[in-house]
Protein chains: 2
Amino acid sequence: MSKWVYSFGGRETEGGAEMRNLLGGKGANLAEMASLDLPVPAGFTITTEVCTHFYETQKSYPADLEKQVEKALEKVELAVQARFGDKEFPLLVSVRSGARVSMPGMMDTVLNLGLNDQTVRALAKNSENDRFAYDSYRRFIQMYSNVVLGLDHHDLEDIIDTHKRREGVTEDTDMDAAAWKKVIVDFKALVKKQTGEDFPEDPKEQLWGAIGAVFKSWDTQRAKVYRQLHNIPEKWGTAVNVQAMVFGNMGSDCATGVAFTRDPSTGENVFYGEYLVNAQGEDVVAGIRTPQSLTIRGKEKEGSSLPAMEEVMPVVFKQLKEVRAKLEKHYKDMQDIEFTVQDNKLYMLQTRTGKRTGAAALKIAVDMVNEGLISKEDAVLRVDPESLNQLLHPSLDPKAPQDVIAKGLPASPGSASGRIVFTADEAERLSGEYSVILVRQETSPEDIHGMHAADGILTSRGGMTSHAAVVARGMGRPCVAGAGTVIIDAKAQTLKVGNLTLHEGDMLTIDGTTGKVINGQVPTIAAALSTDFETLMGWSDTFRKMGVRTNADTAADCETAINFGAEGVGLCRTEHMFFDGDRIQRVREMIFADDAQKRKKALNFIKPMQRDDFFHIFKAMEGLPVTIRLLDPPLHEFLPHDEAQMVEFAATAEIALETVKTRLAQLHESNPMLGHRGCRLGITYPEIYDMQVEAILEAALDIKSKGKAVLPEIMVPLVSTRAELSILKKRIEAVAKKVFDERKDKVEYMIGTMIELPRAALTADQIAEEAQFFSFGTNDLTQTTLGISRDDAGSFLPLYTAQGIYERDPFASIDVEGVGQLIEIACEKGRSIRADMKLGICGEHGGDPDSIAFCAEQGLSYVSCSPFRVPIARLAAAQAAIRLNKKAQAKKKAA
Amino acid sequence: MSKWVYSFGGRETEGGAEMRNLLGGKGANLAEMASLDLPVPAGFTITTEVCTHFYETQKSYPADLEKQVEKALEKVELAVQARFGDKEFPLLVSVRSGARVSMPGMMDTVLNLGLNDQTVRALAKNSENDRFAYDSYRRFIQMYSNVVLGLDHHDLEDIIDTHKRREGVTEDTDMDAAAWKKVIVDFKALVKKQTGEDFPEDPKEQLWGAIGAVFKSWDTQRAKVYRQLHNIPEKWGTAVNVQAMVFGNMGSDCATGVAFTRDPSTGENVFYGEYLVNAQGEDVVAGIRTPQSLTIRGKEKEGSSLPAMEEVMPVVFKQLKEVRAKLEKHYKDMQDIEFTVQDNKLYMLQTRTGKRTGAAALKIAVDMVNEGLISKEDAVLRVDPESLNQLLHPSLDPKAPQDVIAKGLPASPGSASGRIVFTADEAERLSGEYSVILVRQETSPEDIHGMHAADGILTSRGGMTSHAAVVARGMGRPCVAGAGTVIIDAKAQTLKVGNLTLHEGDMLTIDGTTGKVINGQVPTIAAALSTDFETLMGWSDTFRKMGVRTNADTAADCETAINFGAEGVGLCRTEHMFFDGDRIQRVREMIFADDAQKRKKALNFIKPMQRDDFFHIFKAMEGLPVTIRLLDPPLHEFLPHDEAQMVEFAATAEIALETVKTRLAQLHESNPMLGHRGCRLGITYPEIYDMQVEAILEAALDIKSKGKAVLPEIMVPLVSTRAELSILKKRIEAVAKKVFDERKDKVEYMIGTMIELPRAALTADQIAEEAQFFSFGTNDLTQTTLGISRDDAGSFLPLYTAQGIYERDPFASIDVEGVGQLIEIACEKGRSIRADMKLGICGEHGGDPDSIAFCAEQGLSYVSCSPFRVPIARLAAAQAAIRLNKKAQAKKKAA
């Protein structure tokens, strides 16, 4: 018999942190905290396997689930000395989702479950607080009706608003028990009207409804979008946590709060959090009331006038600090915790690894090594490579004038300028055209697509742990939250600060590192990297086995990349050099040439410029290897595209316009991606590659003549057969001999090829007979292996990833099963001929951490990526090496 | 020490027919004939391995070759009692190429080698014929200068023409010894002028020059083109045959001829050949003099007035008939022989398997089985599947009026109508636009590309064994040769017969089966197949293991294919049905629909028509399986392409023209081949596939309701992941359930997929979990695996096959190393999940014999090809099965 249910917090705790996959993150950590003797209200977790079963069996439960839930429920009842539906001591529970990884705000929750017309009276009696009891009851009905019964959130809010008007009050807190009772009557009437059924009075029925709703909420559109954005597989599923209620809103000796064991923005080793007296946890997270700081230090730093918990509840605060210490020591990582204080007693409701900014991740990792908590390997593994992005991107130029119009919380670091939009849909729609700042009173999960599309986010309400702040940090989007002086009217589409009114489309700048909101656009400067960054990068370099090169076509790119630690150029695209200045005219003349002679003439014009390009790249790279790809794109990419350009070209080149048009028509291709390009150009117009090889080797000799080192690697693109490379290699060697003879000097150089067609991968053993190195061109390899044109994929690929047909966009992260299989075949076959074959990757996947991990598994020599991603690649390569090493050791141990 | 040289025909013969790969076809068969005690002039063969060595070592010879040649030469001298350069009895030799397979007219030959100013006198004295000696000498110098020294053929001819004018004669035969002596002086002067060297007098020097020229001629452009057209690998190389000269031109008791042991046009078991008295062999083959028939029967049949050899040289003819019988019995196949008669003595110069028409191949194969010469397996292996093409294509309608303007020899059967062109280049240039008839006085190897491009060939000179006739038969091109009344003026671009003058572009018809030349176009009728065809097809069907299906989109195609023996439809492309009549308007409306509802409305219009299409196809196929591919091409293929169509569509559909244009722009794709097509349409617009599945199953139920059998196989195109097929399969099954419920009846059907993307092949095990069958779409699989767009390959693929980068056009014959590897992977992975997986191929490769052989090796269930290729596929599949069986038995024996 399968075990579907795990108890915690009562007499026995069955789970633990290591069971995250089965119990979800929340459930596993509740069990872990209970095992650490922290005060966790009793409860139980229904496993993620039930969720999987649920979706595999047309939404039905395992046969023995009900019995197991019954038993677990009995244990909870025993632990808290209360029973479901009991008229004196009724058990109330929360029902929450809990997936393997935290998905904040994405899953639905039901609180106060177990209340009905009978038990609410017991709650009132026991708490000696009628208002609290009926407020709790209406909250339960409201949540349950919305989440489980599917009623519209607004319809329920409307009822409350009607009653508030009737009562003559504006705040929920001003509603008394009698008023809430009337609301409850209307809520129930609405339920009856819309569902045709009475609101369930039976707590067991309530419980099963809520459990089902949690499982169903795994499949909602917004949950799917979140998983897509965070690469969470559909099949993982969620667990359900049922836990005895504790109340932070039962009076002034009650409170609720969230905290981070260190500062999640900076990483500073200070206790950091927010709380609200007499409130339920949702109030803090939802950002509806502006919360107060946990510590005096925090309060002062934020310039808040509201008292800190340290001042208001010193005893409980001390207890909480001890919990903090215990948790950090136990988990050896920064924790994000939720707690409730009921009647001055502390209850822990959640702990999880805290989300943090890239800078914080770095600082925490480095600090914890220095504190002796973790090893350097662990530190390297702790930092999400993608989070470095935040540090590597420009921030506001401090010297530039700033028209600061407001200040909010520095919710997610980095800065952004863009046009104001007021809805997530608009943000998504316009983000393709220009930078946008999404401006909202507060955000909700429905806004996620817009937050992802926006360059920055500004909210007027909510704290550092509000939805907007947490999600923005996760995404690495700059965010200023809770800028209270900003008045946002989404309907009127205006943002007002004092006398200033801004409209949709107006330019706005936010600085998520300082919380400043600035009118207009502000110039930016390059990121200044902390010493923590250098420290961690240094550790990374000692662990990683793969080299990290850069894709760079200019000396400037090379210099940026060198500063970021690049160890060579993995891909220098020569075609970009053909567009500069008046070269394009000559390139066009070359294409229009009738014969090799005329082609040569045009090429002779271009050669000295191309040589100069290579000279400066070689110089910048200071003797590091530089892989230069010979001309790759189809010739018509260089041709005039509109009538005006045609006329101009025809006139300059002294060719009849008709001839130009005819040639253009000849060069048109149905599928240029699969057309006359790459080495096919080299075979059919050998003069072009001859010129490029001359330019490369002459530039290399020029460098050498200055006493400098130089290491050119000539790369032939789009090879599909050994014969192609064999023919071109002979030609390259002949040109090299000619150049060396003329110059009476020589340089070392290599000849290799891209592996970017399935046939090349499949026949890599043959190709390796000719090639000194392989570089996987995973962009084209993905296009051909999957049969998907990247340029045309927009019409179906988003739906494909949404439906899980591809787990991730295969152009962002290597499709391991398909493209990866070809890479594996090619590596194996290549090495069967040349054991020490130099193997690299130069597609855009070279900067993607998952793809880098795959490359490490394949034992590639290096990855190559854009200059700004070089540090990310260095870190990702180190992580991959550490993980592979761990795996190997585990295997060794097992054997 | 390697053996590079093999002697034959003297005291010992070292080779034999089984050594064809080493000695080439000619050399191996000369040795074989010598072993059979047939009169073969002594000689020796330098092996093809020397040729390979030559090209692998920058055109140098093995170190010990010279010594081996010397020794072999000594044996020849001993056999014929003459010595190189001897002043009394000089040895004269021919030097000829000889590759593994016959390459008629492609390789260069030098005759009379050994002649110089001294030895020519001995030849004159010994032959008592001055004119003969100096004619032979000038022929030698002329050939040698052209072939070995590289002088222009025309420059040499000019010298002869000048002297003819001076002598006042028009024919070569009218030139006497003195005149030839003058020509020789001028030839030598030209050699000195153009090469700076004297013409070589030393026979050894001459010999090595000629040997080198033969090897070099392997690499000429025309040899390459021939190999390309006939799929002969570049690496095979040629042998060199050096053989003592015999002379057919030493007087009236001398002759030369070529013969086939059976009629190569009809296959009839009659001796068939041509000869010329007092001529050298080249005179017959080159078609310069119209040759005479060998037999009285042949003479009468051709209506010739010239005497037959049977009459003129009865003794030698009888001897030749005995040779014929001996060779057929020995080789068990029809032979193509060359002979020379010198002083009434017969010499055999060549035997080889005779080229024949498709009809002749069939008849000879079936006859030889009946004669007990060969087995049925051998008979099946004897017929080139491609040659059936000739029998399967239409011939002239005998009832149609024919304006016969001339009659020539029925050189290659079949008929063709087309526009007149006078040069091979024009034929090639215009053949893409319309049918062309290449009209030439006589053809030469330089014309091969034009002959290939032309639909038919007409020559005014030359016999049944002329270049034009032999090459046309090999290519399966209809050809009328030697139509002497036709006067062709290539310069003036006219063809005159009597008073009629035709110009380039005029319509002409030739009937290669009867030799008729007809003015204008003549309607054609379907081929009438002989009983031999049925017999051989019957044998084939007993041997083959693979099924043969057809690619057919209409009931008419299905009926044709059934008549040709198709066992099902392997590919029914539904998109073709979307263009008919007013459907295209609805299809366009569907594409322009904003939502699924509007799309469904348009689809509802199309459905009954589509159902009707399927109904008739099912009916025609009489219960055989029918694989229907759901919609595959990108939607924009259906859209209006020009302004007029746009305006019309917009008006009919009541959509603004601007909207039409915008939508067209949206649907434009950079690389439609890799775009939004195939199952991607099914995923994004499920209504389309729903409609098609409904139409298929409703049609199937309609058939069933008539008490007939039906077997639909629904095929999903362009699948790259299991998930795609899984989603669509569920949808198809749901639609099927709906249809079956509505109709209260059901039919058996299958759901499978195309394997046409590398990723699908690589993950075939996963896909096999969902697919009941695979069909390899090798067109698209070739495009993606090789990264070559078929539509765009014209700009480089011809050069690629010319340079041997691909041995054959990969779209004509499967690229075994690349695409084949993926097919192998997919078969293996597919079968690992479903051991009895139905595997087929429906790309155009399904009709290519080499590709069929590959499919047989992979154990595919069936191949599918166009209706007219079904018999070819049946035969090719039988051959493949027999060969595989033989291989297996040989392996068994070896073990």
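It should be emphasised that the depicted structure is a prediction, and the values quoted were computed from it without experimental measurement. (Residues numbered from 1 in each chain as written. Chains lettered and ligands numbered in written order. Predicted model: local features only at pLDDT ≥ 70, side-chain atom pairs only at ≥ 80, totals over all residues. Heavy atoms only, no water.)

Residue and element names in this part refer to chain B. Pairing within the open sheet is antiparallel, and its three strands lie in the order β18-β19-β20. Here the strands that pair on one side only, and so sit at the sheet edges, are β18 (487–489) and β20 (500–503). Pairwise comparison of adjacent strand axes, ignoring direction, gives a mean angle of 20° for this sheet. (Pairing = 2+ DSSP bridges. Helix = DSSP H or I, 4+ residues; strand = E, 2+ residues; numbered from the N terminus. Axes fitted to C-alpha atoms, helices over the stretch in contact; angles between N-to-C directions.)

Residues and elements named next belong to chain A. Its place among the elements puts Asn29 in helix α1 (residues 20–35). Within the structure, Asn29 has its side chain in polar contact with the side chain of Tyr331 (distance 2.7 Å). With near-sequence residues (within four places) excluded, Asn29 lies in contact with Ala17, Arg20, Tyr331, Thr351 and Arg352. (Polar contact = N/O pair within 3.5 Å; in protein donor to acceptor, adjacent residues only side chain to side chain. Contact = heavy atoms within 4.5 Å.)

All names here are of chain A. Here helix α31 (residues 778–786) lies mainly inside the structure; nine of its nine residues are buried. Of all the residues in α31, the buried ones are Thr778, Asn779, Asp780, Leu781, Thr782, Gln783, Thr784, Thr785 and Leu786. Where α31 ends, the next residue or the one after it, Gly787, has phi of about 65°, a positive value. (Buried < 20%, exposed > 50% of the residue type's maximum accessible area, 1.4 Å probe, protein only.)

Another point: the pattern of salt bridges. All names here are of chain B. Applying the stated criterion to the full structure yields 111 salt bridges over all chains. Where Glu14 meets Lys75, a salt bridge forms, and the shortest distance between an N and an O atom there is 3.6 Å. Separated by 61 residues along the polypeptide, Glu14 in the loop between β1 (5–8) and α1 (20–35) and Lys75 in helix α3 (residues 65–80) bring together distant segments of the chain. For Lys75, a relative accessible area of 34% gives the class partly exposed. Ionic pairing is found between Arg611 and Glu698, a salt bridge with its closest N-O pair at 2.4 Å. Of this pair, Arg611 sits in helix α23 (residues 596–621) while Glu698 sits in helix α27 (residues 686–705), and the two are 87 residues apart along the sequence. (Salt bridge = Lys/Arg side-chain N within 4 Å of Asp/Glu carboxyl O.)

Let us look at the environment of Pro410 of chain B. Looking at where Pro410 of chain B falls in the secondary structure, it is placed in strand β13 (residues 409–412). For the pair Pro410 of chain B and Glu302 of chain B, spaced 108 residues apart in sequence, the C-alpha separation works out to 9.7 Å.

A positive phi is found at Gln493 of chain A, a non-glycine position, where the angle reads about 55°. Tracing the backbone through its elements, the reader meets Gln493 of chain A in the loop between β18 (487–489) and β19 (494–497). Classification of Gln493 of chain A as partly exposed rests on a relative accessible area of 28%. Despite not being glycine, Gln81 of chain B has its phi angle at roughly 55°, a positive value. Along the chain, Gln81 of chain B turns up in the loop between α3 and β3 (93–99).

Moving on: the pairing of strand β21 (residues 507–511) of chain A. Residue and element names in this part refer to chain A. Where burial is concerned, most of β21 is hidden: four out of the five residues are buried. Two elements, strand β14 (residues 415–421) and β21, share five bridges in a ladder whose sense is antiparallel. Bridging from a neighbouring strand, Ser415 pairs with Asp511 of β21. Examined bridge by bridge, β21 and strand β22 (residues 516–519) share four bridges and lie antiparallel to one another. Looking at the pairing, Ile510 lines up with Val517 of β22.

Before going further, it helps to spend a moment on the interface of chain B and chain A. Contacts between the two partners involve 47 residues from chain B, matched on the other side by 47 residues from chain A. Approximately 3,900 Å² of surface area, both sides summed, lies buried where chain B meets chain A, with 55% of it carried by carbon and sulfur atoms. On the chain B side of the contact with chain A, Asn671, Leu674 and Arg759 of chain B bury the most area, a combined 16% of that side's loss. Linking chain B with chain A are four salt bridges. Taking the shortest distance from any N to any O, the salt bridge between Asp815 of chain B and Arg759 of chain A comes out at 2.7 Å. Seen at the junction of chain B and chain A, the total is 30 residue pairs in polar contact (both at pLDDT 80 or more). Elements supplying a minimum of two residues to the side of chain B that touches chain A: α26 (679–684), α28 (722–743), α29 (758–762), α31 (778–786), α32 (797–802) and α33 (816–833) of chain B. (Buried area = accessible area lost by both parts, 1.4 Å probe.)

Residue and element names in this part refer to chain B. Two elements in contact, α23 and α27, have axes whose closest approach is 7 Å; the angle formed by their N-to-C orientations is 35°. Between α23 and α27 lies a crossing of right-handed hand. Across from Ala596, Arg599, Lys600, Leu603, Ile606, Lys607, Gln610, Arg611, Phe614, Phe615, Phe618 and Lys619 in α23, the residues of α27 making contact are Glu687, Ile688, Met691, Gln692, Glu694, Ala695, Ile696, Glu698, Ala699, Ala700, Asp702 and Ile703. For the contact of α23 with α27, the residue count by class is 13 nonpolar, two polar and nine charged. (Left-handed = near helix turned anticlockwise from the far one by under 90°. Nonpolar A, V, L, I, M, F, W, Y, C, P; charged D, E, K, R; others polar.)

This part covers the relation of the copies chain B and chain A. Two chain copies, one operation linking them: a rotation about an axis together with a shift along it. With an RMSD of 0.3 Å, the fit of chain B onto chain A corresponds to turning through 180° and sliding 0.2 Å along the axis. The two molecules are tied by a two-fold rotation axis, judged by turn and shift. Ranked by how close their C-alpha atoms come to the rotation axis, the residues of chain B are headed by Asn671 of chain B, at 2.0 Å. Taken as a fraction of all interface residues of chain B, those also at the interface in chain A reach 100%, which identifies the copy contact as same-surface. (Least-squares fit on C-alpha atoms with pLDDT ≥ 70 in both.)

With that settled, consider the confidence of the model for chain A. Chain-level statistics for chain A give a pLDDT mean of 91 and a share of 97% at 70 or above. Taken over the whole predicted complex, pTM reads 0.78, whereas the ipTM for its chain interfaces reads 0.78. (pLDDT = per-residue confidence, 0-100.)

Residues and elements named next belong to chain A. An order of β24-β25-β26-β27-β28-β29-β30-β31 is seen for the eight strands of this closed barrel, with the pairing classed as parallel. Adjacent strand axes in the sheet meet at a mean angle of 30°, parallel and antiparallel pairs treated alike. Two strands pair when backbone bridges link them, and strand β24 (residues 547–551) and strand β25 (residues 569–573) are joined in this way by two bridges, in the parallel orientation. Considered in β25, the bridge of Asn551 is made with Leu571. Taken strand by strand, helix α27 (residues 686–705) contacts β26 (625–629) and β27 (711–716), and its axis lies near 170° from that of β27. Against the sheet, helix α28 (residues 722–743) engages β27 and β28 (750–755), with an angle of about 150° to β28.

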